[in-house]
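Coordinate inspection notes
The residues making up each chain are set out below.
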Amino acid sequence: QVQLVESGGGLVQPGGSLRLSCAASGSIFSPNDMGWYRQAPGKQRELVATITIGGSTNYADSVKGRFTISRDNAKNTVSLQMNSLKPEDTAVYYCNARRTGFASYTYWGQGTQVTVSS
């Protein structure tokens, strides 16, 4: 079965950086959209960044200028470079892959914890 496996989370100080990566296991039809979402305790899940198969990106206002999303279409992987991290970035980050049309699907990773604290 197809699984999305995330890595790169951890504990960092404010102003630090982390890079999250997500890789699909097994065979997968190319996803139209890939992205990262996050959920902090007591809050709703929110979009962080998405990227289309053509490379168009969309970022939450709160992370613009600090985070950069990228993908490798051949490998079906997606990464999130997070710089200038703030305490409010603390959350569980989830990888997402979505395909529409033929063989449509939505897959979610297991989540990786990011904690920004002094």
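Let us look at the structure shown here. For every chain, the first residue of its written sequence is number 1, and the numbers climb from 1 along that sequence. This being a predicted model, a pLDDT of at least 70 is required before a residue's local features are given, and a value of 80 or more before pairs of side-chain atoms are given or counted; all residues contribute to the totals for chains, interfaces and linings. Side-chain metrics in this entry use all non-hydrogen atoms of the structure; hydrogen atoms and water are not considered.

Here we look at the state of the cysteines
Keep this limit in mind: Disulfides are defined as cysteine sulfur pairs within 2.5 Å. Each helix corresponds to a stretch of at least 4 residues labelled H or I by DSSP, and each strand to a stretch of at least 2 residues labelled E; elements are numbered beginning at the N terminus. Working definition: with a 1.4 Å probe on protein chains only, accessible area under 20% of the residue-type maximum means buried, over 50% means exposed, and in between means partly exposed.
For the coordinates displayed, the defined rule picks out one disulfide. Here Cys22 is linked by a disulfide to Cys95, with a sulfur-sulfur distance of 2.1 Å. Disulfide Cys22-Cys95: torsion about the S-S bond near -85°, hence left-handed. In this pair, Cys22 is assigned in strand β3 (residues 18-25) and Cys95 in strand β9 (residues 91-99), connecting sequence segments 73 residues apart. By relative accessible area, Cys22 is classed as buried at 2%.

Brief notes about the side chain of Glu6
For clarity, the cut-off: Two residue types count as positive, namely Lys and Arg, and two as negative, namely Asp and Glu; His and chain ends fall outside the count. The term salt bridge refers to a side-chain nitrogen of Lys or Arg lying within 4 Å of a carboxyl oxygen of Asp or Glu. Whenever two N or O atoms come within 3.5 Å, that pair is a polar contact, provided that in protein one can donate a hydrogen and the other can accept it, and provided that, for residues adjacent in sequence, both atoms are side-chain atoms. Contacts: residue pairs with any heavy atoms within 4.5 Å of one another.
For Glu6, the location among the structural elements is in strand β1 (residues 3-7). Here Glu6 sits buried without a salt bridge, and the closest side chain of opposite charge, Arg45, lies 10 Å off (N-O distance). A polar contact is formed between the side chain of Glu6 and the backbone nitrogen of Cys95, at a distance of 2.5 Å. Within the structure, Glu6 has its side chain in polar contact with the backbone nitrogen of Gln110 (distance 2.9 Å). When sequence neighbours within four positions are dropped, the list of residues in contact with Glu6 reads Ser21, Cys22, Trp36, Tyr93, Tyr94, Cys95, Gly109, Gln110, Gly111 and Thr112.

Description of the nonpolar core
The condition that has to hold: Throughout, nonpolar core names a set of buried Ala, Val, Leu, Ile, Met, Phe, Trp, Tyr and Cys residues whose side chains join them through atoms within 4.5 Å.
Grouped together as the largest cluster of nonpolar side chains are 29 residues, with contacts concentrated most on Trp36, Leu80, Met82 and Tyr93. Of all elements in the fold, only β3, β4 (33-39), β5 (46-52), β7 (67-72), β8 (77-82), β9 and β11 (112-116) reach the threshold of two or more residues within this core.

Brief notes about the pattern of salt bridges
For the structure on display, the rule yields five salt bridges. Taking the shortest distance from any N to any O, the salt bridge between Glu46 and Arg38 comes out at 2.7 Å. Two residues, Asp89 and Arg66, come together in a salt bridge whose shortest N-O distance is 2.8 Å. Of this pair, Asp89 sits in the loop between β8 and β9 while Arg66 sits in the loop between β6 (57-59) and β7, and the two are 23 residues apart along the sequence. Shared partners join several salt bridges into a network, and the residues in it are Arg38, Glu46, Arg66 and Asp89.

A look at the side chain of Arg66
Taking relative accessible area as the criterion, Arg66 reaches 10% and is therefore assigned buried. Reaching out from Arg66, the side chain makes a polar contact with the backbone oxygen of Ser62 at a distance of 2.8 Å. Among the polar contacts made by the side chain of Arg66, one reaches the side chain of Asp89 at a distance of 2.8 Å. Once residues lying within four places of it in the same chain are set aside, the contact partners of Arg66 are Gln81, Met82, Asn83, Ser84, Leu85, Lys86 and Asp89.

Some thoughts on the sheet that holds β1
What counts, and what does not: Strand pairing requires that DSSP identify at least two bridges connecting the strands. Comment: axis = line fitted to C-alpha atoms, over the contacting stretch for helices; angle = value between 0 and 180 degrees taken between N-to-C directions.
Taken in spatial order, the four strands of this open sheet run β1-β3-β8-β7, and their pairing is antiparallel. Each end of this open sheet is capped by a strand with a single partner; those strands are β1 and β7. The mean inter-strand angle of the sheet, taken between neighbouring strand axes irrespective of direction, is 15°. Relative to β3, β1 runs antiparallel, the two sharing five bridges. The residue bridging Val5 from the neighbouring strand is Ala23, located in β3.

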